[in-house]
Amino acid sequence: MKKVLMKATALFLVIALLLTNGIAAFADAPAVDDPLISVREFFEESGGEVTWDDDNRRITATLEDDTFILYPLSTRAYRNETPVNLTRPIIMQNNIAYIFISDLLILFGLELEAHLPLTIAQTMEMAPVLMEMFGVPGMTIALVDAQNDFTWVQGFGYADSAAGVPVDEYTLFSLGSISKPFTAIAVMQLVEDGLIDLDEPIVTYLPDFYLPSDPSGLGDYRNITVRMLMSHASGILPSFLASGMFSHVEADHSHMNNFLELLAQFPMSTPEEFMYSYANNAFTLLGVLVAAIATDYDSHFEGFVSYTQDNIFTPAGMGLSTFEITERHLPHISQSYATTGVPEDFVFIGAAPTGGLMSNAADMAQFMHIILSGGEPLLSQNSLRQMFTRQNFNMASGIDFLIPNMEPALGFIYTTDLAGFTRSGHGGNIIHFHSYMALDLDTGIGVMISVNSITGMPLPSDLAAFMLTSAIQERTGTLNLPVSDPSVEPIEMDFDALQVFEGFYSILGGTEFGRILASEEGHLYLYGLMPTAMTLVPLSDGSFVCPETTLRFWMEEAEGEFVIVLGEFQSMLLGLPLDPGLVTAPEGFERWIGTYEIVLEQNQVSNLVRLSVGIDDNGFAYILTSTLNGASSIMPLIALGEYNFEGGISFGQDDDGTWLTMADGHFLRVE
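Residues numbered from 1 in each chain as written. Predicted model: local features only at pLDDT ≥ 70, side-chain atom pairs only at ≥ 80, totals over all residues. Heavy atoms only, no water.

**Q** Quick one: what's the story with the pairing of strand β33 (residues 608-615), residue by residue and with numbers?
**A** Across four bridges, the pairing between strand β31 (residues 594-599) and β33 is antiparallel. In the strand pairing of β33, Gly594 is matched with Val613. In this sheet, strand β34 (residues 621-627) lies alongside β33 in antiparallel orientation, the contact comprising seven bridges. In the strand pairing of β34, Leu611 is matched with Thr625. Where β33 hands over to β34, the hairpin turn is made up of five residues, of which Gly619 adopts a positive phi near 90°. (Pairing = 2+ DSSP bridges. Helix = DSSP H or I, 4+ residues; strand = E, 2+ residues; numbered from the N terminus.)

Structure representation (structure tokens):
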């Protein structure tokens with residue numbers, strides 16, 4: 001058996017390849033949840049051989065040192081002369097023999113799940129490898145098929161590696177921004193009760209809510225609606241990464257309880273309905289709204305925790321899920337790791353509505369079943385449908401979204417990968433814990449994955465996307481992807497036509513600014529995305545292709561300027577234009593150059609820990625941010641005066657040294 005299992009991953013990949021290419025199935029296949037696969041195609045693609053014995057009317061297949069004998073229209077089979085009983089006969093059509101995938105696995109002696117066996121088996125093989133690759137001590141996975149009432153939950157590795165405590169389906173992980181759909185559900189419940197109108201300004205319900213206008217002076221906080229907050233279109237300051245949001249001792253209730261006063265210290269980032277910009281603060285504000293409208297608690301934190309427990313977790317049967325850790329949760333909480341075997345202090349989240357959810361695979365499987373089955377008992381089907389409706393504001397910026405490869409609904413996010421596959425759900429990253437929930441509404445299939453180390457940040461989203469696409473394809477035999485245009489081909493463009501795209505760009509998530517230059521040879525050069533310049537060749541559909549990477553780029557016009565969009569199906573906003581006149585370092589800026597570290601009160605934690613302030617080779621002033629979870633990103637500095645810069649950033653000097661203050665905290669220069 002062990003020898004067969006060692007071959008399992010390769011065999012599963014062959015099956016997946018055949019299904020992807022449409023080789024396996026034929027028109028009269030009787031069951032989409034157990035596709036038929038060509039015997040000859042499978043064995044030959046796996047590196048084996050197939051022969052037909054006309055005298056004895058049998059098929060002989062060999063693969064490495066195994067020999068299999070099959071009989072058309074019969075369930076009789078042999079593996080190395082040992083009888084094997086198939087569940088259904090080998091089917092013949094047009095002189096081609098087909099076997100059901102479940103019987104193929106029986107033929108190899110694999111004892112697998114009766115439903116979605118390929119997806120689960122591949123996950124079981126891949127998970128330990130990926131965990132080792134990313135330095136992840138523990139991982140939890142939930143896979144559901146709501147249309148077939150199927151659930152698979154599995155823990156991998158350790159919740160406490162030193163004590164040898166394994167991850168199981170009840171191990172609690174911090175799910176970060178997967179909190180947001182739960183906060184949105186709470187709001188929609190109040191909409192159903194007639195207590196909130198999505199298109200009513202938030203000041204109607206929170207009269208003390210106030211924000212200074214954005215630097216342009218065009219924003220007006222009184223126009224910000226509940227819908228704008230739920231869909232990241234409000235224009236409010238996106239995030240506080242310090243300010244009591246994180247703590248080592250317990251969740252800081254004051255962050256929510258004083259949130260309106262804290263938020264009022266900073267202007268709007270943009271006017272309302274200017275662009276989609278992911279905003280953690282929007283959902284903390286929505287949590288304050290829920291507590292104020294639906295509870296009698298003086299504490300917004302306690303009111304929100306109480307409301308979600310009584311109206312979401314309890315009716316959903318999510319027994320251990322919580323926004324506030326109590327004694328009963330402690331035995332189930334996973335340790336926090338910097339990497340494998342290196343535990344660190346647990347981080348509590350005061351901004352509960354935007355990132356404080358603690359849950360496990362069993363509870364999240366239950367939640368996904370509810371969401372994929374229509375919403376009851378949490379919401380009506382109509383309310384749930386609204387939550388998954390992509391929001392369509394008439395954005396003043398002319399840019400659809402400032403969230404790479406994402407489109408907001410109400411609390412949920414649609415994500416489109418570079419292959420064009422779109423899924424709904426939400427991710428969550430909270431220093432040590434990284435999670436991803438991916439849902440396919442058409443098939444009712446959902447996946448949730450969470451890991452417990454800083455270094456594991458890329459793993460959940462990539463593995464969840466793989467599992468979801470694998471499960472959809474395994475159950476239906478198809479994957480709904482956009483079709484490439486075969487007529488697209490390289491074209492010639494003259495230098496003048498290419499020059500209109502030249503300029504500097506802020507690459508989203510990049511660590512340096514980008515630049516595009518035209519070439520006399522008829523193509524563009526893109527600097528700043530890779531160590532060397534990328535050649536971009538113009539194509540007949542208006543895009544550009546990089547021959548070395550095959551990546552497609554689009555130059556989309558917005559307000560008379562070009563933005564860079566990535567992917568054959570234009571799925572990811574990559575870069576925004578930079579005005580050299582605005583971002584060039586002002587006179588005297590050199591005195592602020594250096595490395596700054598955050599100053600925190602006792603027991604407080606910040607994900608944003610270090611800032612590097614400097615001037616790049618183009619003369620642009622910048623801040624390079626560094627976070628605990630290893631992410632770095634460059635942002636331009638636009639001077640508003642000698643000491644002040646756009647975004648509420650200011651510099652100063654006193655007896656303690658040189659400092660920088662921004663919404664995320666107070667930073668002192670250390671070098």
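**Q** With reference to specific residues and values, describe helix α10 (residues 300-316).
**A** Taking 1.5 Å as the rise per residue, α10 with 17 residues should run 24 Å; its terminal C-alpha atoms sit 23 Å apart, in good agreement. Gln309 marks where α10 bends most, by close to 40°. Residues of α10 that are buried include every one of His300, Phe301, Gly303, Phe304, Val305, Ser306, Tyr307, Thr308, Ile312, Phe313 and Ala316, and no others. At its buried positions, α10 is contacted by α5 (179-192), α7 (253-257), α9 (280-294), β16 (348-349), α11 (352-355) and α12 (361-372). The backbone nitrogen of Phe301 lies 3.4 Å from a side-chain oxygen of the residue at the head of α10, namely Ser299. Gly317 lies just past α10 and shows a positive phi near 75°. (Expected span 1.5 Å × (residues − 1). Bend = angle between axes of the 7 residues up to and from the residue. Buried < 20%, exposed > 50% of the residue type's maximum accessible area, 1.4 Å probe, protein only. Contact = heavy atoms within 4.5 Å. Polar contact = N/O pair within 3.5 Å; in protein donor to acceptor, adjacent residues only side chain to side chain.)

**Q** Would you mind going over the nonpolar core in detail, with residue names and values included?
**A** Core analysis: the largest hydrophobic core is formed by 95 residues, its most contacted members being Phe182, Phe209, Val226, Met230, Met364, Phe367 and Met437. In contact with Phe367, not counting residues within four places along its chain, are Phe182, Ile185, Met318, Leu378 and Met437. Grouped together as the second largest cluster of nonpolar side chains are 26 residues, Ile141, Phe156, Val447 and Leu459 included. (Core = buried A, V, L, I, M, F, W, Y, C linked by side-chain atoms within 4.5 Å.)

**Q** How would you explain the pattern of salt bridges if you had to name every residue and give the values?
**A** Between side chains of opposite charge, a pair can form when the charged atoms approach closely. According to the stated counting rule, one finds eleven salt bridges in the structure shown. For Arg227, the salt bridge identified is with Asp199, shortest N-O distance 2.7 Å. With Arg227 in helix α6 (residues 226-230) and Asp199 in the loop between α5 and α6, this residue pair connects regions lying 28 residues apart in the sequence. Here Arg227 falls in the buried class, since its relative accessible area comes to 18%. Judged by relative accessible area, Asp199 falls into the partly exposed class, the value being 46%. Among the charged side chains, a network of salt bridges with common partners joins Asp541, Arg552 and Glu568. (Salt bridge = Lys/Arg side-chain N within 4 Å of Asp/Glu carboxyl O.)

**Q** Run through the environment of Tyr278, naming residues and quoting values.
**A** With respect to the element layout, Tyr278 can be found in the loop between α8 (259-263) and α9. Put simply, Tyr278 and Leu229 are 49 residues apart on the chain and 9.8 Å apart in space, counted from C-alpha to C-alpha. Looking at Tyr278, its side chain comes within polar contact range of the side chain of Lys180, at 3.0 Å.

**Q** Just give me the short version of unusual backbone geometry, but keep the residues and values in it.
**A** In this structure, Pro377 follows Glu376 across a cis peptide bond, with omega equal to 5°. For Pro377, the location among the structural elements is in the loop between α12 and α13 (381-387). With a phi close to 65°, Leu73 is a non-glycine residue in the positive phi region. Tracing the backbone through its elements, the reader meets Leu73 in the loop between β4 (66-70) and β5 (76-79). Since its relative accessible area comes to 66%, Leu73 is described here as exposed. One non-glycine residue, Asn94, lies in positive phi territory at about 55°. Its location among the elements puts Asn94 in the loop between β7 (91-93) and β8 (96-100).

**Q** If you had to explain the sheet that holds β4 to someone new, which residues and values would you point to?
**A** One open sheet accounts for five strands, arranged β2-β3-β4-β5-β6; its pairing is antiparallel. Taken across any chain shown, the strands that pair with only one partner, and hence form the sheet edges, are β2 (49-53) and β6 (82-85). Across the sheet, the mean angle from the axis of one strand to that of its neighbour is 20°, orientation sign disregarded. Pairing of β5 with β6 involves four bridges; the strand directions are antiparallel. If you follow Tyr78 over to β6, its bridge partner there is Pro83. (Axes fitted to C-alpha atoms, helices over the stretch in contact; angles between N-to-C directions.)

**Q** Tell me what's going on with a negative patch on the surface, and back it up with residues and numbers.
**A** Taken together, the side chains of Asp494, Asp496, Glu520 and Glu521 present a region of like negative charge at the surface. Mapped onto the fold, Asp494 is located in the loop between α14 (459-476) and α15 (495-499). Relative accessible area serves as the criterion here: at 49%, Asp494 is assigned to the partly exposed category. (Patch = residues over 30% accessible without salt bridge, like charges linked within 9 Å, V, L, I, M, F, W, Y side chains within 5 Å. Areas by Shrake-Rupley, 256 points an atom, 1.4 Å probe, with all protein chains shown as cover. Lys, Arg positive; Asp, Glu negative; His and termini not counted. Charge placed at Lys NZ, Arg CZ, Asp CG, Glu CD.)

**Q** Which residues make up the sheet that holds β7, and what values go with them?
**A** Whether parallel or antiparallel, the strands of a sheet pair through hydrogen bonds between backbone atoms. Read across the sheet, three strands follow the order β1-β8-β7 without closing on themselves; strand pairing throughout is antiparallel. Edge strands, defined here as strands with exactly one partner in the open sheet, are β1 (36-38) and β7. The average undirected angle you get between the axes of adjacent strands in this sheet is 40°. The pairing of β7 with β8 spans three bridges and is antiparallel. If you follow Ile91 over to β8, its bridge partner there is Tyr98.

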